[in-house]
Amino acid sequence: MGITGKRIVLGVTGGIAAYKACALTSKLTQAGADVKVIMTQHAIEFVSPLTFQAISRNPVYTDTFDEKDPAKIAHIDLADWADFFIIAPTTANMIAKIANGIADDMLSTTLLATEAPVYIAPAMNVHMYKHPAVIKNMKQLEEYGYLFIEPGDGYLACGYVGKGRLEEPEEIVRVLETQYNNERLAWKNKKVIVTAGPTREKIDPVRFFTNYSSGKMGYAIAEAAQKMGANVILISGPTNITTPTGIEKISVMTAKEMHEALLEVYDDADIVIKAAAVADYRPKDTFEQKMKKKPGSWMIEMERTTDILGELGKTKKDQYLVGFAAETENVLENGLNKLKRKNLNAIVINDISKPGAGFSSDTNAVTIITESKETKTIALAEKSIVADEILKVIDGEIRKDKK
């Protein structure tokens, strides 16, 4: 629970309440979050970057053109890195800039590039907060999907008493934890089926056909779905991975067994994510005794297995059906074709010829395409991170359908 392990970018703008951002950084860090701070040039007039660096144990970003790592573009890297983005305090000037798409410093540039939830914590004079221009800009940000942490009432630095005081750090942390817990349980009471791993097609008692799938991606997806509150059934071929606690696992060996297991649980499923690498062919004839070595070649006739994903696509009702496409050429074209041909709601495509994105790797890089033509590319990352991003896309599509 909580925000332990979450990656938070904290933007600090030039207001007297910037000193509270030091306490906020400390509270977030104590809660287990990894915090990186971006300061505007005016914020530096109030608090030294060294203070935030010491508290967060991370470099502090102040200049768009100060590229700390030549291998990365800092504002894009930070934008992609963040799970949450907070601006505290947020001045009227920063609200105006981001409401109008102005990107003229490190903070505003990074904000335009992030897809993470953005929290605005305003802090300003009571009359500034009521100004029609500020109200208009805040409404614009709400339409963009920005979230507001309302300022409190109280004594302001300017001497006035009223609304405009930056919310206390403890309350900001509580808001984030509540948001995270709500997201975490977004799939409460949903039945999610995930398939994972390879299948094995028997030749004789000592030989079989299989593939290089390790099951790591499917298991990561199952665990991520469970963290969102779902009731997860994991249908898995043979792997060496420990089943996450609380997940129901159905072990199968062959493509036929996986198909039968899916049919048992498919009708009342809400979401089905078929990440398993299922054999397309199996030996037409199998042998009960070991085939002994003989002179010359050995020909094995193969026959098609059932197209499990295609059959699920034909019979689906309200299920949200997601397939995987492991490709080596014409990657997006082949994946999109599979999406249409098998009547899927979304397809996760990965180029297994790329380093770090193939079978058995701990990392992956994928492109997700939905039936509504929404496309999201996830750069090479740990499979647990890729799983989270995949589920975010699925969740967004499901919520969109409900509107």
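What you see is a predicted model; the values in this text were computed from it and never measured.

Considering the overall build of the protein chain
The helix and strand inventory of the protein chain stands at 13 helices and 20 strands. For the protein chain, the spread of C-alpha atoms along the three principal axes comes to 95 × 45 × 35 Å. In the protein chain, which comprises 403 residues, the proportion classed as buried is 50%. Taking the intrachain contacts of the protein chain between residues at least 6 apart in sequence as the baseline, contacts between residues at least 24 apart amount to 66%. Summed over its atoms, the accessible surface of the protein chain is roughly 20300 Å², and 50% of this surface lies on carbon and sulfur atoms.

Comments concerning a nonpolar patch on the surface
Taken together, the side chains of Ile16, Tyr19 and Phe46 make up a nonpolar region of the molecular surface, amounting to roughly 340 Å² of accessible area. Note on placement: tyrosine 19 falls in helix α1 (residues 18-30).

Quick look at the nonpolar core
Counting residues in each nonpolar core, the largest one holds 35 residues, and the members touching the most others are Trp187, Ile221, Ile273, Ile390, Leu391 and Ile394. The residues touching leucine 391, leaving out its near neighbours within four places in the chain, are Trp187, Ile221, Ala224, Ala225, Met228 and Ile273. Ranked by size, the runner-up nonpolar core spans 29 residues in total, among them Val12, Ala21, Ala43 and Ile149.

Here's the deal with the domain arrangement of the protein chain
Annotation of the protein chain at the domain level lists domain 1 (7-184) and domain 2 (191-402). Across the boundary between the two partners, domain 1 contributes five residues, which contact six residues of domain 2. For the pairing of domain 1 and domain 2, the buried interface totals around 400 Å² over both sides, and the portion due to carbon and sulfur atoms is 27%. Inspection of the region where domain 1 meets domain 2 yields one salt bridge. Across the pair lysine 376 and glutamate 115 runs a salt bridge, and its minimum N-O distance is 2.7 Å. The tally of links from domain 1 across to domain 2 stands at one residue pair in polar contact (both at pLDDT 80 or more). For the side of domain 1 that touches domain 2, the per-class residue count stands at no nonpolar, no polar and five charged.

Digging into the environment of glutamine 289
Topologically, glutamine 289 is positioned in the loop between β15 (281-283) and β16 (302-304). In this structure the C-alpha to C-alpha distance between glutamine 289 and serine 372, which are 83 residues apart in sequence, comes to 51 Å. Dropping the residues within four chain positions of it, glutamine 289 is found in contact with Asp204 and Pro205.

Thoughts on unusual backbone geometry
Residue proline 89 follows alanine 88 across a cis peptide bond; omega there is 0 degrees. Even without a glycine there, the phi angle at asparagine 343 is positive, about 55 degrees.

A look at the sheet that holds strand β9 (residues 191-196)
Taking strand neighbours across the sheet as the criterion, the eight strands line up as β13-β12-β9-β14-β17-β18-β19-β20 in an open arrangement whose pairing is mixed. Lying at the two open borders of the sheet, with one neighbouring strand each, are β13 (248-251) and β20 (375-382). Going from strand to strand, the sheet's axes swing by 15 degrees on average, the running direction of each strand aside. Here strand β19 (residues 363-370) pairs with β20 via six bridges, running antiparallel.

Some remarks on the pairing of strand β14 (residues 271-274)
Neither face of β14 is exposed, since Ile271 and Ile273 on one face and Val272 and Lys274 on the opposite face are all buried. Bridge count for β9 against β14 is four bridges, and the pairing is parallel. In the sheet register, valine 194 faces β14, and the bridge partner there is isoleucine 273. Two elements, β14 and strand β17 (residues 320-327), share four bridges in a ladder whose sense is parallel. When the sheet's bridge partners are listed, lysine 274 is paired in β17 with glycine 323.

Some points on the sheet that holds strand β3 (residues 60-61)
Pairing is parallel in the open sheet, where six strands are placed in the order β3-β2-β1-β4-β5-β6. Each having just a single partner strand, β3 and β6 (147-148) make up the two edges of the open sheet. Where strand β1 (residues 7-12) lies against strand β2 (residues 34-39), six bridges are found, and the strand directions are parallel. Considered in β2, the bridge of valine 9 is made with lysine 36.

Here's the deal with the packing of helix α4 (residues 92-99) against helix α7 (residues 132-144)
α7 packs onto α4 with a crossing angle of 50 degrees between their chain directions and a minimal axis gap of 9 Å. Classed by the angle they form, the pair α4 and α7 counts as oblique. For the pair α4 and α7, the crossing hand works out as left-handed. The residues of α7 that touch α4, namely those facing Ala92, Ile95, Ala96, Ile98 and Ala99, are Val134, Asn137, Met138, Gln140, Leu141 and Tyr144. Among the residues making up the contact of α4 with α7, the classes are represented as nine nonpolar, two polar and no charged.

Reading guide: rules and limits
- Residues numbered from 1 in each chain as written.
- Predicted model: local features only at pLDDT ≥ 70, side-chain atom pairs only at ≥ 80, totals over all residues.
- Heavy atoms only, no water.
- Helix = DSSP H or I, 4+ residues; strand = E, 2+ residues; numbered from the N terminus.
- Buried < 20%, exposed > 50% of the residue type's maximum accessible area, 1.4 Å probe, protein only.
- Contact = heavy atoms within 4.5 Å.
- Areas by Shrake-Rupley, 256 points an atom, 1.4 Å probe, with all protein chains shown as cover.
- Patch = residues over 30% accessible without salt bridge, like charges linked within 9 Å, V, L, I, M, F, W, Y side chains within 5 Å.
- Salt bridge = Lys/Arg side-chain N within 4 Å of Asp/Glu carboxyl O.
- Core = buried A, V, L, I, M, F, W, Y, C linked by side-chain atoms within 4.5 Å.
- Domains from an automatic or database assignment.
- Buried area = accessible area lost by both parts, 1.4 Å probe.
- Polar contact = N/O pair within 3.5 Å; in protein donor to acceptor, adjacent residues only side chain to side chain.
- Nonpolar A, V, L, I, M, F, W, Y, C, P; charged D, E, K, R; others polar.
- Pairing = 2+ DSSP bridges.
- Axes fitted to C-alpha atoms, helices over the stretch in contact; angles between N-to-C directions.
- Parallel < 35°, antiparallel > 145°, perpendicular 65-115°, else oblique.
- Left-handed = near helix turned anticlockwise from the far one by under 90°.

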